[in-house]
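# Examining the three-dimensional arrangement
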Amino acid sequence: MDIIVSASLLACDFSNLAFEIKRAENAGVDWIHYDVMDGMFVRNISFGEPLLKSVGKSITVPVDVHLMICDPIRYIDNYADLGADLITFHYEAADDPQAVIDKIHSRGIKAGISIKPATPVSAIQPFLKSVDMVLVMTVNPGFGGQKFIPDTLEKISEVRYLIDQTERDIRLQVDGGVNLETAGLLKESGADTLVTGTYAFKANDMPEAVKLLREIV
């Protein structure tokens, strides 16, 4: 699969959000990554439906919604209505992960399932028959700008092996500490979709930063 770069809005300048989104698109990112945190599944609270509603129509690339919230099935319709192209939820936050996947698919949207660094890969193996993407968190979810956890490379390799066994088109996304130092390692481990926040938005030259990231992988 081609490498996809998804820009996490968690690291952008919220005082000028529409400009930041356009800046990311002009820099050549493939997706916009929208982190939703509820202060319960993770300690932090980020942003929700009103913000995406206000900027959604101006986004010209696919919207990659990452739900870090409890009982995510309650909000699938809401984010589908706001134009999400892909919705990822956490295995750890859902009582019935398959029901969440089915709900997302019922809205004509691709479904992703995510695991924290401490969650074993075996937990999501039963859902590889139906999911469209697996997101391996390479930091503990809840805050941007964290340092990459090296032990997650083995987890990424495990997921890649299981995905390849299915012979299905499943993307393998990573989120957390993605930069020029880690991107090559992530690609070698099997990742094909990189979420980058701080590295891209805090760069002096965002187009050059995205270009260099692609060259690394």
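To be clear, the structure that these remarks concern was listed above.
Residues numbered from 1 in each chain as written. Predicted model: local features only at pLDDT ≥ 70, side-chain atom pairs only at ≥ 80, totals over all residues. Heavy atoms only, no water.

Below, the discussion takes up helix α8 (residues 206-216). Buried within α8 we find M206, A209, V210 and L213. Buried residues along α8 cover an arc of 95 degrees about the axis, so they all sit on one side. As for α8, its buried residues are in contact with β1 (4-8), α1 (17-26), α6 (183-189), β8 (193-196) and α7 (198-201). A side-chain oxygen of the first residue of α8 lies 3.1 Å from the backbone nitrogen of E208; this N-cap is D205. (Buried < 20%, exposed > 50% of the residue type's maximum accessible area, 1.4 Å probe, protein only. Helix = DSSP H or I, 4+ residues; strand = E, 2+ residues; numbered from the N terminus. Arc of directions from axis to C-beta. Contact = heavy atoms within 4.5 Å. Polar contact = N/O pair within 3.5 Å; in protein donor to acceptor, adjacent residues only side chain to side chain.)

Our next topic: the packing of aromatic side chains. Aromatic ring pairs: the centre-centre distance and the angle between the two ring planes describe each pair. Applying the stated criterion to the full structure yields 3 aromatic pairs. Arranged with centres 4.7 Å apart and planes meeting at 40 degrees, the rings of Y34 and F47 form a pair that is tilted. One end of the pair, Y34, is in strand β2 (residues 31-37); the other, F47, is in the loop between β2 and α2 (49-55), and 13 residues separate them in sequence. In terms of burial, Y34 and F47 fall into one category: buried. With a centroid separation of 6.4 Å and 50 degrees between ring planes, the pair formed by Y91 and F127 is classed as tilted. Linking Y91 in the loop between β4 (86-90) and α4 (97-106) with F127 in the loop between β5 (110-115) and β6 (133-137), this pair joins segments that are 36 residues apart in sequence. Given the relative accessible area of 28%, Y91 is considered partly exposed. By the ring-pair criterion, three or more aromatic residues cluster together here, those being F14, Y34 and F47. It is K116 that lies over the ring of F41; its NZ or CZ is 4.5 Å from the centre. (Phe/Tyr/Trp six-rings, centres within 6.5 Å; stacked < 30°, edge-to-face > 60°. Lys NZ or Arg CZ within 6 Å of the ring centre and 35° of its normal.)

So, about unusual backbone geometry. Here D71, not a glycine, exhibits a phi torsion of approximately 50 degrees, which is positive. Structurally, the position occupied by D71 is in the loop between β3 (63-68) and α3 (76-81). We classify D71 as partly exposed; its relative accessible area is 33%. Its identity is not glycine, yet E167 carries a phi of approximately 60 degrees, on the positive side. Inspection of the secondary structure puts E167 in the loop between α5 (152-166) and β7 (171-175).

Okay, the sheet that holds β8 next. The sheet built from 8 strands closes into a barrel, its strands ordered β1-β2-β3-β4-β5-β6-β7-β8 with parallel pairing. Taken over all neighbouring pairs, the strand axes of this sheet differ in orientation by 25 degrees on average, direction set aside. Bridge analysis of β3 against β4 gives 4 bridges, and the strand direction is parallel. Bridge assignment links D64 to a residue of β4, and that residue is L86. (Pairing = 2+ DSSP bridges. Axes fitted to C-alpha atoms, helices over the stretch in contact; angles between N-to-C directions.)

Under the defined criterion, the tally for this structure stands at 10 salt bridges. Residue K22 pairs with E25 through a salt bridge whose shortest N-O separation is 2.9 Å. With a gap of 3 residues between them, K22 and E25 both fall in helix α1, about one helical turn apart. Note that K103 is salt-bridged to D77, the shortest N-O span being 3.0 Å. Linking K103 in helix α4 with D77 in helix α3, this pair joins segments that are 26 residues apart in sequence. According to the relative accessible area criterion, D77 is partly exposed, its value standing at 27%. The network of salt bridges with shared partners includes D77, D81, K103 and R107. (Salt bridge = Lys/Arg side-chain N within 4 Å of Asp/Glu carboxyl O.)

Moving on, we come to the nonpolar core. Counting residues in each nonpolar core, the largest one holds 65 residues, and the members touching the most others are L9, I32, V65, I87, V134, L186 and L194. Of all the elements, α5 adds the most residues to this core, at 5 residues. Dropping the residues within four chain positions of it, V134 is found in contact with I113, I124, L128, V159, I163, I170, R171, L172 and Q173. M37, F41, V42 and M68 belong to the second largest nonpolar core, which has 5 residues in total. (Core = buried A, V, L, I, M, F, W, Y, C linked by side-chain atoms within 4.5 Å.)

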